[in-house]
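Take a look at the letters that make up each chain.
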Amino acid sequence: MLQQTRVEAVIPYYERFLERFPTVQALAVAEEDEVLALWSGLGYYSRARNLLHAARAIAAGGLPRNHEGLRALAGVGDYTAAAIASIAFGLPHAAVDGNVLRVVARVENDASDIGTSGPRRRFGEIAQSWLDVRHPGLFNQAMMELGATVCLPKDPRCGVCPLAAACRAHREGTAAQLPVKLRKTAPVAIEAVLLVVRNRGRVLLRRREDSARRMPGFWDLPAPADIPGARAGKSHGTFRHTITHYHYTFTVLAGTAPRGLLPAGCRWCSSAQFQEIPLSTTACKALKLAGVL
DNA sequence: AAAGCGGGGGC
DNA sequence: GCCCCAGCTTT
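What this report covers is the structure whose coordinates are included nearby. Computed from a predicted structure; not experimentally measured. (Residues numbered from 1 in each chain as written. Chains lettered and ligands numbered in written order. Predicted model: local features only at pLDDT ≥ 70, side-chain atom pairs only at ≥ 80, totals over all residues. Heavy atoms only, no water.)

1. Thoughts on the overall build of chain A
Here is the rule we go by: Segments assigned H or I by DSSP are reported as helices when at least four residues long, segments assigned E as strands when at least two residues long, and all are numbered from the N terminus. When accessible area is computed with a 1.4 Å probe and restricted to protein chains, residues below 20% of their type maximum are described as buried, those above 50% as exposed, and intermediate ones as partly exposed. Any two residues whose heavy atoms approach within 4.5 Å are treated as being in contact. Surface exposure here means Shrake-Rupley accessible area, sampled with a 1.4 Å probe, where a residue is shielded only by the protein chains that are shown.
Helix and strand content of chain A: 11 helices and six strands. Counting all 293 residues of chain A, 40% fall into the buried class. The contacts of chain A with a sequence gap of at least 6 include a subset with a gap of at least 24, amounting to 60%. A total of about 16,600 Å² of accessible surface is found on chain A, and carbon and sulfur atoms cover 54% of it.

2. So, the state of the cysteines
Selection rule: For this text, the term disulfide refers to a pair of cysteine sulfurs within 2.5 Å.
Applying the stated criterion across every chain yields a total of zero disulfides. Unpaired in this structure, C151 has its nearest cysteine sulfur neighbour in C161, at a distance of 6.1 Å. Not part of a disulfide, C158 finds its nearest cysteine sulfur in C167, a span of 6.2 Å.

3. Details of the protein's contact with DNA strand B
Here is the rule we go by: Proximity criterion: a residue is near a molecule or strand once any of its heavy atoms comes within 4 Å of it. Here a polar contact means two N or O atoms within 3.5 Å. Within protein one must be a hydrogen donor candidate and the other an acceptor candidate, and residues neighboring in sequence count only if both atoms are side-chain atoms. Residue polarity follows a fixed list, in which Ala, Val, Leu, Ile, Met, Phe, Trp, Tyr, Cys and Pro are nonpolar, Asp, Glu, Lys and Arg are charged, and the others, Gly among them, are polar.
Neighbouring DNA strand B are 20 residues, the closest being T5, S117, R183, H241 and T281. Counting only the atoms of DNA strand B within 4 Å of the protein, the fraction contributed by sugar and phosphate is 62%. Contacts to DNA strand B include L42, whose backbone N or O atom sits 3.3 Å from a base nitrogen. With respect to DNA strand B, the side chain of Y44 contributes an N or O atom lying 2.8 Å from a base oxygen. Sorting the residues of the surface near DNA strand B by element identifies β4 (231-243) and α11 (281-289) as the ones contributing at least two each. Class assignment of the residues belonging to the surface near DNA strand B gives a composition of five nonpolar, 10 polar and five charged.

4. Here we look at a nonpolar patch on the surface
To keep things clear, this is the line we draw: Residues enter patches when they are more than 30% accessible in relative terms and free of salt bridges; like-charged ones are connected within 9 Å and nonpolar ones (Val, Leu, Ile, Met, Phe, Trp, Tyr) within 5 Å. Think of a salt bridge as a Lys or Arg side-chain nitrogen and an Asp or Glu carboxyl oxygen that are within 4 Å of each other.
A surface patch of nonpolar side chains, amounting to about 270 Å² of accessible area, comprises L2, V7 and I11. Mapping V7 onto the fold places it in helix α1 (residues 7-20).

5. Comments concerning the pattern of salt bridges
Per the stated rule, a full pass over the model turns up 11 salt bridges. Note that D110 and R122 form a salt bridge whose closest N and O atoms lie 3.0 Å from each other. Residue D110 is found in the loop between α7 (98-107) and α8 (117-130), and its partner R122 is found in helix α8; the two are separated by 12 residues along the sequence. A relative accessible area of 37% places R122 in the partly exposed class. D226 is the partner of R206 in a salt bridge, and the nearest nitrogen-oxygen pair spans 3.0 Å. Of this pair, R206 sits in strand β2 (residues 202-207) while D226 sits in the loop between β3 (219-220) and β4, placing them 20 residues apart in sequence. One network of salt bridges, with partners in common, ties together R206, R208, D220 and D226.

6. Thoughts on the pairing of β2
To keep things clear, this is the line we draw: DSSP bridges decide pairing: two strands pair if at least two such bridges lie between them.
As judged from the two bridges shared by strand β1 (residues 188-199) and β2, these two strands associate in the antiparallel manner. Residue N199 lies in a different strand from β2, and its bridge partner there is R202. Hairpin connection, β1 to β2: the antiparallel pair is bridged by two residues, and R200 has positive phi, about 50°. As defined by bridge partners, β2 adjoins strand β6 (residues 266-270) across five bridges and the pair is classed as antiparallel. Across the sheet, residue R202 finds its bridge partner in β6, namely S270.

7. A short note on the nonpolar core
To be explicit about the condition: Here, the term nonpolar core denotes a set of buried Ala, Val, Leu, Ile, Met, Phe, Trp, Tyr and Cys residues that are joined through side-chain atoms within 4.5 Å.
Within the largest apolar cluster, 25 residues are counted, with the highest numbers of intra-cluster contacts made by V96, V100, V103, V104, F123 and A127. Every element with two or more residues in this core is listed here: α7, α8 and α9 (136-149). Per element, the largest residue contribution to this core is six residues, and it comes from α7. Not counting residues up to four positions away in its chain, the partners in contact with V103 are W130, M143, L146, G147, C151 and L163. Of all hydrophobic cores here, the second largest spans 20 residues; its members include W219, Y248, I277 and A283.

8. Concerning the packing of aromatic side chains
Heads up, the rule is: Centres within 6.5 Å make a pair out of two Phe, Tyr or Trp rings, where for Trp the six-membered ring is used; the pair is then stacked when the planes are under 30 degrees apart, edge-to-face when over 60, and tilted otherwise. By definition, being over a ring means that NZ of Lys or CZ of Arg is both within 6 Å of the ring centre and within 35 degrees of the ring normal.
All told, the structure shown has six aromatic pairs when counted by the stated rule. Between Y248 and F250 the ring centres are 5.1 Å apart and the planes differ by 10°, which places this aromatic pair in the stacked class. When its relative accessible area of 13% is taken as the criterion, Y248 is described as buried. Residue F250 is classed as buried on the basis of its relative accessible area, which comes to 7%. The ring centre of Y13 lies 4.9 Å from the NZ or CZ of R16, which sits over that ring. Over the ring of W219 we find R267; its NZ or CZ atom is 5.4 Å from the centre of that ring.

9. A look at the protein's contact with DNA strand C
In the vicinity of DNA strand C lie 24 residues, with R6, G75, G77, T80 and R102 positioned nearest. When atoms of DNA strand C within 4 Å of the protein are split into backbone and base, the sugar-phosphate part holds 62%. Within the surface near DNA strand C, the residues separate by chemical class into nine nonpolar, eight polar and seven charged.

Spelled out as structure tokens, the structure:
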């Protein structure tokens, strides 16, 4: 949950998740849709599928006790494997997250692009060379905490930093400009319409295809094109939503669907059921706008 | 090696 | 509006 997601954003999800799945075994036997429903709104949903796969592997074969075995679990990369290996097992692996990359870039006063693999590997090797092999878990958490509380992205607090005397960027006055991160894909603006079709207290939802690149299996509100013969009524308003580099402006319209056969991939959903299915955040926002949620 | 993947909070 | 977050997987 913490991969690329702030701690404060994770906590409520984490608590609900552990209440429902208190053990690896409980998670291992879960349905994917229920896991995704609990993850809905947190983003990066492949993390949830990966966690489920990893739980099944662990339930079957036990928890790996070294970096290599951890690294082989779904959703566990170099950082996560190092974090677990060092914090849980005391093994000497530097855990290099975004915070640590920033600390290294500044201490070394290195303006290489941390978005590319060469510098990332180099910075990782530097962090590894700094590691206190007697206390790898404490060292890693101290490095990350330094980045999270002192060596801040925009506003480095060099005045209270224990590394200031050793920091080349502080000496050169370049700390606030580091690290360098280039290459952002150009944003794309998209306008789209979502329909809120209601019938006897329920709302028509559309399931995203299994082959969809983003959020397969999630439930969305339909667009007019998804419902042959749909008619749009009054507007509930508009809202903006950004997914990676796509900037959507959604207009939410009340709609009516022809009586009879349900369009393929669609279902009626009562408000009580919204909690139990993987609901997209755009659908969630639109339903709130329409007063359904 | 680079692109894609969610969503929210801080500035 | 842009940046960044206890990154990973796929192309």
